[in-house]
Amino acid sequence: MVKEIERYGIPIVHMSTITTISESVGANRIVPTIAIPYPVGNPNLPENEEYTLRKKMVERALKGLNTEIKEVTQF
Amino acid sequence: MKLELRRIHIKDIQLGNETTVKNGVLTVNKEELISKLKEDERIKDVKLDVARPGEKVRIIPVKDVIEPRVKIEGEGNGFPGVSTKMAQLGDGKVNVLYGAAIVTVGDIVGFQEGVVDMWGEGAKWTPFSQTFNLVVDIIPVEGLAPHVHETTVRLAGLKAAEFVGEAGRSVEPDEVLVYEMGSHAEESKKYPDLPKVAYVEMLISQGLLHDGYIYGVNSQLILPTLLHPNEELDGAVISGNCVAACDKITTYQHQNNSAILDLYAEHGKTINFLGVILTPELTTLEGKFRTCDYTAKLCKSLGADGVIISEEGYGNPDSDLLMICKRLEDSGIKTVLITDECSGWDGMSQPLADTAKEAIAVVSTGNVSHVVTLPPADRVIGNDKAIATLAGGWEGCLEEDGSLKCELNAVIGATSEIGYHNCTVKLY
Amino acid sequence: MKFKVLYYVNQFFGQIGGEEEAGMAPVFKKENIGPALGFNGLLGEEGEVVGTLICGDNYFNENKEEALEYIMNVIKESNPDIIVAGPAFNAGRYGMACSGVANAVIDELNIPVVTGMYIENPGLDSCRAKAIVVETTDSAAGMRKALPVMANIVKKLMKNEELGLPAEEGYISQGKRLTVLSDKRGSRRAVDMLLARLTDEPFETELPMPVFDKVDPAPAIKDLSKSTIALVTSGGMVPHGNPDRIQSASAQKWGKYDVSGREALTGEYCTIHGGFDPVYANEIPDRVAPLDMLKEFQKEGVIGNVFEYFYTTTGTGTSVGNSIKFGTEIGKELKEAGVDGVILTST
């Protein structure tokens, strides 16, 4: 899905845990996430720490959208 | 280790007032088994039923399948670490009610449960159409959390298998299979010229309905570990009712792991079989790197010349499968992978979620999205409306006349990635 | 009753002329010309060729619309059971024409088409999935061999018999991976394959590795604070009750839900994804699709806006073909709505 959306010229960031797969299938902007059942979160952390973690991850995704790239890049 | 699997050929199952095997007919004391299972206060009720090969019977939603057995000599009757106390498995004599199976059904816990048809088109796609099935329908008390519900059902199936297995304790077997293999040093001395082969069995280890258990240890918690093949044949590994029905390794398939059996058959003839490495498929990238490195290291330490790797599930574990393959091929170890594929309804899609040029020898056990039409059954054990929410089913896939259109995804054992069944894919 | 075949050839095989006639517009003749003659003989009592369509290769490729209009009209009028085109061998323009005719006939009229090409013919890729393309040599010297193979396939199709493997029947693979039962179980095939590898015997993989194409990275968003960001997930997050009945595995569709009035997914959403332990995602759905964080960044002015719709489907067991379809459909909507950037989360 990532590639097809990018084909329209819209920058897209893939937030995924198994970044090896993202790279194989051809995502360009990638933010590594925590685990498959909870990519953007971590239930093992206390509430406030999980909040900070989650916010930072989304911030990285936005940074990715805001950054010119020429090749596959992890943010 | 030396394990004797003493097969008592079962030709029918009856429900009755005692639990015995006479002339190949297994009779199960219905009331006693039900009250035994209801000792678990999380179980509200149990229903028992029998499904025989060829009967127009559909069983759904199936969670696990277990072979009833009893250990008559050696340590560890039952499933040590799970339903009985810890013991070292792999040695001794086991009486097997061969041809019989315990099949657990009941309210859906997750989407990963499946269908078994005993006749016709459906029978073709599942190995469990060929067994006489004692179907245990487990109704839990209300309000169980999903994880607890899963545990309850899993344990009930194992207990039922133990209870039924006892019937074979003093019955003379029809055939005796002996599995014997010494230490690596001994076997290498016996067969100095045969290539050494290890078997890597990947286990999905990703949470609710996605775990395997080894001597009761959740596979999520382990580093890859080496087993003597006899241990798995003796009940060391059980299913956590994992993943899509088509490629979950049921407990029955661990007890009769076809990859182990087929490698054993070549041991001392064309290969020197080194054993089984159980490898968890984890949900984090770090975890995947760790287990794949560790698995490759174990294979190298053992001096393997060749390795068969079987996957469980699809999607993200494709990545683990290919990473292990790459690491082994890069160190000069020849691999063969066993996997199923997701090529879409039309079979025109890329079959895997990941790719690696090193994977040059792959056995495909079928397309999980292959659509089959199963005619209406005379009798449904369980609830056929469950198909709409199972992986491989969809809203409206159960027709009014009771026929069922679904993907192989929903058929138990159809695309078994330990190669238990006969499906494959051809390019047309 | 005999089945009816309509035959398509170019100007050369239609015995009009060589390159100098390549610009000729299509004509229809109610007789068997060129390969159609030999082909008719091969059908015996089962079928007959009812006529030959002849079109110049240049004309077809340069005036495709007009050429097809005429050709399709002839086909509709003569109402054949099957179309046979070529074989085109390694003639590129002829191959493109056979492919163009095949695709139009199959898509619009649902009539089967059998043709023949050399494996490197540029017309092959565009029609191999739909038509049956018999593998031929690279020159017309292979006509005598190709026609019986094509005729056999035509006869089988007309009897509703299933075609065997490409190598057995002589056609070029359509790229369909079909599930069949083998006489040996999978584990035994694996052991045999490994034994072959260990003794350096030949072996054949049952699953050649997939090839994924690449897309150039889209340009970055210049000013985040003025941008509209859309949230998409393959984690199966849906409103409670799954109103669009998206499948828990092997998704056949996607859903979109208005989240303009929401601060977070938590409270109204849950996952129907069959590929992971859903407990944590159901506790806080924003762990899978972080709408709450995007809304915070919107409030803080970091981004201009969160797109009013949230897009969702299930990734597990979903074919790449369907993912491409979903991505194309969703991307089109996002493009038309003027979305500047997308965050897509996967489980």
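Residues numbered from 1 in each chain as written. Chains lettered and ligands numbered in written order. Predicted model: local features only at pLDDT ≥ 70, side-chain atom pairs only at ≥ 80, totals over all residues. Heavy atoms only, no water.

**Focus on helix α11 (residues 320-336) of chain C**
Over its 17 residues, α11(C) runs 24 Å from end to end, which matches the ideal 24 Å to within 8%, given 1.5 Å per residue. Within the sequence span of α11(C), burial applies to V320(C), N322(C), S323(C), F326(C), G327(C), I330(C), G331(C) and L334(C). With its buried residues spanning 160° around the axis, α11(C) presents them on a single face. On the buried face of α11(C), the contacting elements are α1 (2-6) of chain A together with β8 (228-233), β12 (305-312) and β13 (341-345) of chain C. G338(C) occupies a position one or two residues after α11(C) and carries a positive phi of about 75°. (Helix = DSSP H or I, 4+ residues; strand = E, 2+ residues; numbered from the N terminus. Expected span 1.5 Å × (residues − 1). Buried < 20%, exposed > 50% of the residue type's maximum accessible area, 1.4 Å probe, protein only. Arc of directions from axis to C-beta. Contact = heavy atoms within 4.5 Å.)

**Observations regarding the side chain of Q11(C)**
Residue and element names in this part refer to chain C. Position of Q11 relative to the elements: it lies in the loop between β1 (3-10) and β2 (27-29). Of the residues examined, Q11 reaches a relative accessible area of 4% and is grouped as buried. When near neighbours in sequence (up to four residues on either side) are disregarded, Q11 contacts I16, G17, G18, E21, A22, M24, I54, C55, G56 and D57.

**Considerations on the interface of chain A and chain C**
Across the contact, 45 residues belong to chain A and 53 residues belong to chain C. Together chain A and chain C conceal approximately 4200 Å² of surface at their shared face, both sides included; 66% is due to carbon and sulfur atoms. Taken as a group, M1(A), Y8(A) and L62(A) account for 18% of the area that chain A buries against chain C, more than any other trio of residues on that side. Remark: the boundary between chain A and chain C carries seven salt bridges. Between E68(A) and K222(C) there is a salt bridge; the shortest N-O distance is 3.7 Å. Taken together, the links from chain A to chain C amount to 23 residue pairs in polar contact (both at pLDDT 80 or more). Looking at the side of chain A that touches chain C, the elements with two or more residues in it are α1, β1 (12-16), α2 (19-25) and α3 (47-65) of chain A. Per-element tally for the side of chain A that touches chain C: the top contributor is α3(A), with nine residues. The class makeup of the residues in the side of chain A that touches chain C is 22 nonpolar, 10 polar and 13 charged. (Buried area = accessible area lost by both parts, 1.4 Å probe. Salt bridge = Lys/Arg side-chain N within 4 Å of Asp/Glu carboxyl O. Polar contact = N/O pair within 3.5 Å; in protein donor to acceptor, adjacent residues only side chain to side chain. Nonpolar A, V, L, I, M, F, W, Y, C, P; charged D, E, K, R; others polar.)

**A look at the nonpolar core**
Counting 58 residues, the largest nonpolar core has V5(C), Y7(C), Y8(C), F39(C), F60(C) and V154(C) as the members making the most contacts within it. The residues contacting F60(C), other than those within four sequence positions of it, are Y8(C), C55(C), A67(C), L68(C), I71(C), M96(C), A97(C), G100(C) and V101(C). (Core = buried A, V, L, I, M, F, W, Y, C linked by side-chain atoms within 4.5 Å.)

**A short note on the sheet that holds strand β21 (residues 362-367) of chain B**
Residue and element names in this part refer to chain B. Sheet architecture is open: six strands sit in the order β16-β18-β13-β19-β20-β21, paired in mixed fashion. The two strands at the open ends of the sheet, each matched to only one other strand, are β16 (225-227) and β21. With direction set aside, neighbouring strand axes in the sheet form an average angle of 20°. Sheet contacts for helix α8 (residues 285-301): β13 (196-204), β16, β18 (272-281) and β19 (306-310); angle to β18, the most-contacted strand, approximately 170°. (Pairing = 2+ DSSP bridges. Axes fitted to C-alpha atoms, helices over the stretch in contact; angles between N-to-C directions.)

**So, the interface of chain B and chain C**
Listed as interface residues are 79 residues of chain B and, on the opposing side, 61 residues of chain C. Summing both partners gives a buried area of about 5700 Å² for chain B against chain C, and 62% of it is carried by carbon and sulfur. If you look at where chain B meets chain C, you find six salt bridges. The partner of E395(B) in a salt bridge is R245(C), with the nearest N and O atoms 3.5 Å apart. Here chain B and chain C share 36 residue pairs in polar contact (both at pLDDT 80 or more) between them. Those elements that place two or more of their residues in the side of chain B that touches chain C are α2 (120-125), α7 (258-266), β19, α9 (316-330), β20 (334-341), β21 and β25 (423-427) of chain B. In terms of residue class, the side of chain B that touches chain C is built from 37 nonpolar, 30 polar and 12 charged.

**Examining the packing of aromatic side chains**
All names here are of chain C. Under the defined criterion, the tally for this structure stands at 15 aromatic pairs over all chains. With a centroid separation of 5.7 Å and an interplanar angle of 45°, the aromatic rings of W254 and Y311 are classed as tilted. Separated by 57 residues along the polypeptide, W254 in the loop between β9 (237-239) and β10 (255-258) and Y311 in strand β12 bring together distant segments of the chain. In this pair, the class of W254 matches that of Y311, namely buried. Look at Y269 and F310: their rings are 5.8 Å apart centre to centre, the planes differ by 80°, and that puts the pair in the edge-to-face class. Separated by 41 residues along the polypeptide, Y269 in strand β11 (residues 269-271) and F310 in strand β12 bring together distant segments of the chain. Both residues of the pair, Y269 and F310, belong to the buried class. (Phe/Tyr/Trp six-rings, centres within 6.5 Å; stacked < 30°, edge-to-face > 60°.)

**Quick notes on the domain arrangement of chain C**
When cut into domains, chain C gives domain 1 (3-169) and domain 2 (224-345). One C-alpha centre belongs to domain 1 of chain C, the other to domain 2 of chain C, and the line joining them spans 47 Å. (Domains from an automatic or database assignment.)

**Thoughts on the pairing of strand β1 (residues 2-9) of chain B**
The side chains of a regular strand alternate, residue by residue, between the two faces of the sheet. Residues and elements named next belong to chain B. Of all the eight residues making up β1, six are buried; the element is thus mostly covered by neighbouring parts of the structure. Where β1 and strand β12 (residues 175-180) come together, six bridges link them in antiparallel fashion. Bridge pairing links R7 to E175 in β12. As paired strands, β1 and strand β8 (residues 92-98) are joined by seven bridges and run parallel to one another. Bridge assignment links H9 to a residue of β8, and that residue is Y98.

**Section: the packing of helix α3 (residues 64-78) of chain C against helix α4 (residues 92-109) of chain C**
Residue and element names in this part refer to chain C. Across the interface, α3 lies against α4 with an axial gap of 11 Å and an inter-helix angle of 55°. By the angle between their directions, the pair α3 and α4 is classed as oblique. For the pair α3 and α4, the crossing hand works out as right-handed. Mapping the contact onto sequence places K64, L68, I71, M72, I75 and K76 in α3 and G100, V101, A104, V105, E108 and L109 in α4. When its residues are assigned to classes, the contact of α3 with α4 shows eight nonpolar, one polar and three charged. (Parallel < 35°, antiparallel > 145°, perpendicular 65-115°, else oblique. Left-handed = near helix turned anticlockwise from the far one by under 90°.)

**Section: the sheet that holds β8(B)**
All names here are of chain B. On the basis of which strands lie adjacent, the open sheet formed by four strands has the order β7-β8-β1-β12 and mixed pairing. The outermost strands of the open sheet, each flanked by one partner alone, are β7 (69-73) and β12. Averaged over all adjacent pairs, the angle separating strand axes in this sheet is 25°, with direction ignored. The strands touched by helix α3 (residues 146-165) within the sheet are β7 and β8, with β7 carrying the most contacts at an inclination of about 55°.

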